[in-house]
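Architecture and fold: a report
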Amino acid sequence: MTQYHPEEIEPKWQKAWADAEVSRVDVANPDGEKYYMLNMFPYPSGDLHVGHGRNYILGDALYRFFRMQGRAALNPMGWDAFGLPAENAAIKKGIHPREGTLRNIENMKRQFGRWGILYDWSKEIASCNESYYKWNQWLFIRLFERGLAYRGKAPVNWCPNDQTVLANEQVIDGRCERCNALVEQRELAQWFLKITDYADRLDAGLDTLEHWPEKVKVMQRNWIGRSVGCDVEFQVPSLGKSIRIFTTRPDTIYGATFMVLAPEHPDVAALLAGNPARAEIETWIESVRNQTNLERQEAGKAGFFTGKTAINPFTNEEIPIWLGNFVLMQYGTGAIMAVPGHDERDFEFATQYKLPIVRVVEGGELPYSDKENGVCVHSPLINGLKYAQALPKMIEEVERRGIGKGMVRYRLRDWLISRQRYWGTPIPMVYCDRCGIVPVPDDQLPVRLPLDVQFTGKRGNPLEHDAGFMNTVCAKCGGAARRETDTMDTFVDSSWYYARYISARDDEKIFDTSLVNRWLPVDQYIGGIEHAILHLLYARFICRTLFDMGLVNFEEPFTRLFNQGVITKEGYKQADTGAWVTLDDVTIDGDVITQTSTGKRLVAEVGKMSKSRFNVVPPDELIARYGADTERVYTLFIAPPEKEAAWSDEGVVGAYRFLGRVWNLGVQAAASGQQADADPRITRKMHQTIHAVTQRMERFEFNTAISALMELSNTLGENPAAANAREAYLALLQMLHPFAPHITEELWQMLGQQGFVLTSKWPVADPALMQEDVVTIAVQVNGKLRGQVEVKHPPQKEEAIAAAKSNDNVAKWIDGKEIVKEVYVPGKLVNIVVRQ
RNA sequence: GCGAAAGUGGCGGAAUUGGCAGACGCGCUGGUCUUAGGAGCCAGUGGCCCAAAGCCGUGUGGGUUCGAGUCCCACCUUUCGCACCA
């Protein structure tokens, strides 16, 4: 009997699919109803492990399923190819970022191929290629023209030793990860995209995303942080001006007993004039300035009285103006009215500094901030009202008096896209002494990244030392000018790539609007939860700007979103130092785990696969031993795909055995054919399985879809020579194909079928044939299971109850007792209730 | 602290609307084939006494119901997200 040799058949079918260009889609003339599915394009880090595989295998299984369902499925892939790691490798190992990146891309493409994943490579894109980043630059200029790209000041992490800007992840405990120097904060002029202009639309749009995980929408909503309230001016007589505050609770304004400003507030200097403690306060302000928000919070609330007062416009009382470390300059106006009776933070501050606390809302213990039930008191204009009525009334009054207006504010800040880095899209702007900031004209795009540069890791961005790049002429006046040396955040690259796939080779325009409108939005987007906020929010933002430019006719780029869970595996670390240990250095003896080389005690910890934990499972070895089909089946069988799942080396064997059994059934069927009589169990099981698997595929229940296929295979194994086994076996191959594409193609061919399984038509279940002719009914007495009876299909109530009562064991429990009630659940259960 | 999700055999996990808890697989036990088995095949496998019968059993405690893993209330644990945003 022929043995199952995955290493022989897998390359064969990978080549056959490639030769037949099975995954290529003609977007202008699709063959069927479009289905655009997309895996988030990866950063080409070089080596994929089985944890990464989950994402891509899942996508490929869906892709194959939808194709077999007759959809024109598009499944493109590309590379998020710019970014810091490649530049770090250039500094550390002397490999040019481009060279390293291209090499990694080649390897990852090879790995995708070995997994049997079908992408339409004719549409491949890599963000580091000119043909892509040219359009990134083009898009940036369009945003600039619309006032959505602007320059502003922002602090950066600066390493004084290396003379360079550091990303947050390069700062470890406040020090440079490379040279260990203390990192400073520096203010630099940088490019921003005005995402805040779209805050309201991005927030409202979330409500239309029915097929997104609730979790992701909540995270985005929190990030946008929409708050409705109003601004109010408080007069400061000693300064002869007013200070503006923002509040979401103008209904509590009668309870505002003091005011607090952020230490960075512009009026602080004037307010401190004449304060005897001024020097001390200024020292404090300086120390707070150097703290991050987190450090401020950990320090606890602190503040100082400025010595000046403001007038509460509703009580007309003088209230003290304080400075406080808990008030943030970046939000609202950097100043608040403090209502300690009805705000926990204000309450804490007031208690600490013995400031007056008054109640203006009745309903509970102070601080009381319940907006649902609280009722206003001591607030002449709104007494007796609840928040819902008091809020509009107070806003109206504030506006009538001309001391403020209703406001909606957001926590969302503008998107800082400047990176003082080489390996990214150059921002296509020029600084001219005469004309100021001038965009590079479209016909001069792309602004190319020079390839011949030195990577030292010192003196900042290599582009700043490249005279050929820096020096240019102004497009407006023709005079000498200097190029922008900042490059773009790679999230810009990924904010619109899903549209570029449709026109990946178009050199004339960013994409073909009519084709993009035909294929987008993406029907199914698949990726990790780590992109729940930034990538997905930026993509939604840029999509809206494209909509406003008339380039697309939809505002939401991704109709359905799926976040796969991570794959974990146990790693081992030293109990005392916490240092991770390689697997080959671990000795396990019952519950005692020791490090072989040192004899130290180790502890096992299950976590995400990563090189630093030495717990990655490389697919190459696994595939060499069991084949890609086994890895695919196991990966999808291991757990529901959205859940975290622990990889088990033993578990893989189960998938391998299953495929081995499917193989043996096929070999048997091909050799002997079917001589025995048709087995009605097989036909029933086949239709039941088709029904179950189809439904489970649609619901992403791959683990139970596979278990249904195992059941069908087990049923076939009980009677492989039945005359109807072949038909059921072919259906099994088709349904197994999305999970195990290679073995199913081989067996399909072995059984003399024409064409690919991939291009065959997904089987359809006949409900009439699913029906069992004998129905097993569970019998309970007083809700406890006491027996089972069989009745003919279709089951009748009277018949079922009569059969139940005549069951020996059941009779034992009801004899001589009064029957109170007989419950019948059609086709499933009888419950006889007797008086005890 | 706030918000969300989840707690089921030794393990991963099944169980549309409340209706036979533990499908499927791993592991384990026994058998079989074998020079050999970390391969294959067959059987068994929630706990309590070997079996039958029975009793117990889905984080804990209550409740609703003929019937609860599923619904309601309170609590415990874990994971994730947010965390001075006025």
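Residues numbered from 1 in each chain as written. Chains lettered and ligands numbered in written order. Predicted model: local features only at pLDDT ≥ 70, side-chain atom pairs only at ≥ 80, totals over all residues. Heavy atoms only, no water.

1. With respect to the overall build of chain A
The condition is simple: Where helices and strands are cited, they refer to DSSP runs of H or I of at least four residues and of E of at least two residues respectively, numbered from the N terminus. Three exposure classes are used, based on accessible area relative to the maximum for each residue type with a 1.4 Å probe and protein chains only: buried under 20%, partly exposed in between, and exposed over 50%. In this description, contact between two residues means that some pair of their heavy atoms is separated by no more than 4.5 Å. Note on areas: Shrake-Rupley with a 1.4 Å probe; residue coverage comes only from the protein chains shown. His is not counted here, nor are the chain ends, while Lys and Arg score as positive and Asp and Glu score as negative. For this purpose, a charge sits on NZ of Lys, CZ of Arg, CG of Asp or CD of Glu.
When you go through chain A residue by residue, the secondary structure sums to 27 helices and 37 strands. Each of the three principal axes of chain A carries a C-alpha extent, and together these read 105 × 85 × 65 Å. Counting all 836 residues of chain A, 52% fall into the buried class. Looking at chain A alone, contacts between residues at least 24 apart form 71% of all its contacts between residues at least 6 apart. For chain A, the exposed surface amounts to about 37400 Å²; the carbon and sulfur share of it is 49%. Side chains of chain A carry 95 positive and 107 negative charges; the gap between the two charge centres is 2 Å.

2. Focus: the packing of aromatic side chains
Which entries qualify depends on this criterion: Any Phe, Tyr or Trp ring, taking Trp's six-membered ring, that has another such ring centre within 6.5 Å forms a pair; planes under 30 degrees apart are called stacked, those over 60 apart edge-to-face, and the others tilted. As a reminder, the over-ring test applies to NZ of lysine and CZ of arginine, requiring each to be within 6 Å of the ring centre and within 35 degrees of the ring normal.
Scanning the model with the defined rule gives 45 aromatic pairs in all. Geometrically, the ring pair formed by F82 and W423 is edge-to-face, given 4.9 Å between the ring centres and 80° between the ring planes. Taken together, the residues span a long stretch of sequence, with F82 in the loop between β3 (78-79) and α3 (84-93) and W423 in the loop between β20 (418-419) and β21 (429-432) at a distance of 341 residues. Each member of the pair, F82 as well as W423, carries the same accessibility label: buried. Judged by centre distance (4.7 Å) and plane angle (40°), the rings of F562 and F700 are tilted. With F562 in strand β27 (residues 561-564) and F700 in the loop between α21 (680-698) and α22 (702-718), this pair connects stretches of sequence that are 138 residues apart. Here the two residues F562 and F700 agree in accessibility, since each one is buried. Three or more aromatic residues joined by ring pairs make a cluster, and in this case those are F41, Y497, Y498, Y501, Y525 and F558. Across the ring face of W138, the terminal group of R142 is positioned such that the distance to the ring centre comes to 4.9 Å.

3. Brief notes about the protein's contact with RNA strand B
Condition: Here a residue is near a molecule or strand as soon as one of its heavy atoms is found within 4 Å of it. Here a polar contact is recorded for every N or O atom pair within 3.5 Å, except that within protein the pair must consist of a potential hydrogen donor and a potential acceptor, and residues adjacent in sequence are included only if both atoms are side-chain atoms. Note on residue classes: Ala, Val, Leu, Ile, Met, Phe, Trp, Tyr, Cys and Pro are nonpolar, Asp, Glu, Lys and Arg are charged, and everything else, Gly too, is polar.
With respect to spatial proximity, 53 residues lie near RNA strand B, and among them T248, Q297, Y331, R345 and Q788 are the closest. Of all atoms in RNA strand B that approach within 4 Å of the protein, 61% are sugar or phosphate atoms. A distance of 2.5 Å separates a base oxygen of RNA strand B from a polar side-chain atom of K301. One nitrogen or oxygen atom from the side chain of E711 is found 3.0 Å from a sugar or linking oxygen belonging to RNA strand B. For the surface near RNA strand B, a count of residues per class yields 18 nonpolar, 16 polar and 19 charged.

4. Things to note about the environment of E718
By the secondary structure assignment, E718 is in helix α22. Exposure remark for E718: the relative accessible area of 55% places this residue in the exposed category. Through-space distance from the C-alpha of E718 to that of I357 is 80 Å; in sequence the pair is 361 residues apart.

5. Some words on unusual backbone geometry
With an omega of -5°, the peptide bond between L366 and P367 qualifies as cis. Secondary-structure assignment places P367 in the loop between β16 (361-362) and β17 (375-376). The omega torsion across L520 and P521 is -5°, close enough to zero to call that bond cis. When you line up the elements, P521 lands in the loop between α16 (513-519) and β26 (524-528). In this structure, H378 takes a positive phi of about 50° despite not being glycine. Its place among the elements puts H378 in the loop between β17 and α12 (387-400).

6. Side note on the confidence of the model for chain A
To keep it simple, the criterion reads: The quantity called pLDDT is the predictor's confidence in a given residue, expressed from 0 to 100.
The predicted model of chain A averages 90 in pLDDT, with 99% of residues at 70 or higher. Averaged pLDDT values for the elements of chain A fall to 73 in strand β7 (residues 171-172) and rise to 98 in helix α15 (residues 497-500).

7. Re the domain arrangement of chain A
Where interface size is given, it is often the accessible area lost as the parts come together that is meant. Our working definition: Bear in mind that the domain bounds are from an automatic or database domain assignment.
Each assigned domain of chain A is listed here: domain 1 (140-194 + 415-490), domain 2 (227-409) and domain 3 (772-834). Between the C-alpha centres of domain 2 and domain 3 there is a distance of 71 Å.

8. What about the nonpolar core?
Applied cut-off: Residue types Ala, Val, Leu, Ile, Met, Phe, Trp, Tyr and Cys, when buried and joined through side-chain atoms within 4.5 Å, form a set referred to as a nonpolar core.
Y36, Y497, Y498 and F739 are the most contacted members of the largest nonpolar core, which totals 175 residues. Top contributing element to this core by residue count: helix α2 (residues 50-68), with ten residues. Beyond its immediate chain neighbours, meaning those up to four positions away, Y498 contacts Y36, L38, L520, V522, A539, C543, P557 and F558. With 38 residues, the next largest nonpolar core counts A256, L261, M337 and V398 among its residues.

9. Some remarks on the packing of α2 against α21
Applicable threshold: Geometry is summarised by axes, namely lines fitted to C-alpha atoms with helices restricted to the contacting stretch, and by angles between N-to-C directions that run from 0 to 180 degrees. The labels follow the angle: roughly parallel below 35 degrees, roughly antiparallel above 145, roughly perpendicular from 65 to 115, and oblique for the rest. In this scheme the crossing of two helices becomes right-handed for a clockwise turn of the near helix relative to the far one and left-handed for an anticlockwise turn of less than a right angle.
Interhelical geometry of α2 versus α21 gives an angle of 125° and a closest axis separation of 11 Å. Classified by the angle their axes make, α2 and α21 are oblique. The way α2 lies across α21 gives a crossing that is left-handed. In contact with A61, L62 and F65 of α2, α21 contributes T694, M697 and E698. By residue class, the composition of the contact of α2 with α21 is four nonpolar, one polar and one charged.

10. Concerning the state of the cysteines
A disulfide bridge is the covalent bond that connects two cysteines by way of their sulfur atoms. The cut-off we apply is this: Two cysteine sulfurs form a disulfide in these notes if their separation is within 2.5 Å.
In this structure the tally under the stated criterion is zero disulfides. In this structure C432 is a free cysteine whose sulfur lies 3.6 Å from that of C477, the closest cysteine sulfur available. For C432, a relative accessible area of 7% translates into the label buried.

11. A look at α21
Put simply, the rule is: A helix is expected to span 1.5 Å for every residue after the first.
Helix length check: α21, at 19 residues, gives a terminal C-alpha distance of 28 Å against a target of 27 Å (1.5 Å per residue), a fit within 8%. Regarding α21, the residues found buried are I682, R684, K685, M686, H687, T689, I690, A692, V693, T694 and M697. In this structure, the buried side of α21 is in contact with α2, α22, α23 (725-736) and α25 (767-770). One or two steps after α21, the chain reaches F700, where phi turns positive at roughly 65°.

12. Looking at the pairing of strand β11 (residues 241-247)
Stated precisely, the cut-off is as follows: Strands qualify as paired when DSSP identifies two bridges or more between them.
Of the pairings in the sheet, the one linking strand β10 (residues 227-236) to β11 comprises seven bridges and is antiparallel in character. Note that in β11 the partner of Q235 across the bridge is S242. Once β10 ends, the chain turns through four residues before running back antiparallel as β11, passing G240 with a positive phi of about 70°.

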